[in-house]
Amino acid sequence: MVLYNVTINIDRDREEEFIAWMKQEYLSRVMQTGLFYEKRFFRLLQEDNGNGINFSAQFLAENLEDLEFFQERYAEVLSEILKEKFGSQFVSFRSVLESVD
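Residues numbered from 1 in each chain as written. Predicted model: local features only at pLDDT ≥ 70, side-chain atom pairs only at ≥ 80, totals over all residues. Heavy atoms only, no water.

Caption draft 1: Summary view of the overall build of the protein. When helices and strands are tallied, the protein shows 2 helices and 4 strands. In the protein, the succession of helices and strands from N to C terminus is β-α-β-β-α-β. Whereas a compact globule of 101 residues would reach a radius of gyration of roughly 13 Å, the protein reaches 14 Å, a difference of no more than 12%. Oriented by its inertia axes, the alpha-carbon framework of the protein measures out at about 35 × 30 × 20 Å. Taking contacts inside the protein between residues at least 6 apart in sequence as the whole, the part at least 24 apart equals 74%. Looking at the protein as shown, the accessible area adds up to about 6,400 Å², and 46% of this sits on carbon and sulfur atoms. Across the protein, the mean location of the 11 positive side-chain charges is 6 Å away from that of the 19 negative side-chain charges. (Helix = DSSP H or I, 4+ residues; strand = E, 2+ residues; numbered from the N terminus. Rg over C-alpha atoms; globule rule 2.2 N^0.38 Å. Contact = heavy atoms within 4.5 Å. Areas by Shrake-Rupley, 256 points an atom, 1.4 Å probe, with all protein chains shown as cover. Lys, Arg positive; Asp, Glu negative; His and termini not counted. Charge placed at Lys NZ, Arg CZ, Asp CG, Glu CD.)

Laid out in structure tokens, this is it:
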């Protein structure tokens, strides 16, 4: 199992719009690729002393090959959609984790 995590810091004044958009658009688009079997969406509770609010969108894939295919085929397009919607009012980073069960 591989976890693909997208952490996003969004300006506080766009929080409600961001949550609605993530639930209605972004998370669904990622899942429609068929490369992930589960999604999770969290608000981080600890503050980083910045002006924004942090969120984590997590997607579980069966294997690294599925994730790599997603990154090659879909990740950039989805990132551009996020940029078009929220412009300079967010920052994000991605991480990949592997289960060690």
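After that view of the structure, there is still more to cover.
Caption draft 2: Structural context of helix α1 (residues 15-32). Taking 1.5 Å of rise per residue, 18 residues should cover 26 Å, and α1 covers 24 Å from first to last C-alpha, within 8% of that figure. Among all positions of α1, only E15, F18, I19, W21, M22, Y26, L27 and V30 are buried. Tucked inside the fold, the buried residues of α1 contact β1 (2-11), β2 (38-43), β3 (52-61), α2 (64-86) and β4 (90-98). (Expected span 1.5 Å × (residues − 1). Buried < 20%, exposed > 50% of the residue type's maximum accessible area, 1.4 Å probe, protein only.)

Caption draft 3: Representation of the pattern of salt bridges within the structure. Inspection of the entire model under this criterion finds 6 salt bridges. Here E38 ties to R40 by a salt bridge, and the two come within 3.0 Å at their closest N and O atoms. Salt bridges sharing partners connect three or more residues here, namely R14, E17 and K85. (Salt bridge = Lys/Arg side-chain N within 4 Å of Asp/Glu carboxyl O.)

Caption draft 4: Main features of α2. In α2, a bend of some 55° at Y74 exceeds every other bend along the element. Of all the residues in α2, the buried ones are L67, F70, A75, L78, S79, L82 and F86. Packing partners of the buried residues in α2 comprise β1, α1 and β4. Structurally, the start of α2 carries an N-cap: the backbone nitrogen of E65 is 3.2 Å from a side-chain oxygen of N63. (Bend = angle between axes of the 7 residues up to and from the residue. Polar contact = N/O pair within 3.5 Å; in protein donor to acceptor, adjacent residues only side chain to side chain.)

Caption draft 5: Up close: the environment of K39. Take K39: it is sitting in strand β2. Of the residues examined, K39 reaches a relative accessible area of 42% and is grouped as partly exposed. Each C-alpha atom of the pair K39 and L27 lies 7.3 Å from the other, and the pair is 12 residues apart in sequence. Setting aside residues up to four positions removed in sequence, K39 forms contacts with L27, M31, Q58 and F59.

Caption draft 6: Geometry of the side chain of R14. Take R14: it is sitting in the loop between β1 and α1. Here E17 takes part through its side chain, which lies 2.7 Å from a polar atom of the side chain of R14. Each residue touching R14, except ones within four places of it in the same chain, is listed here: K85, F86 and Q89.

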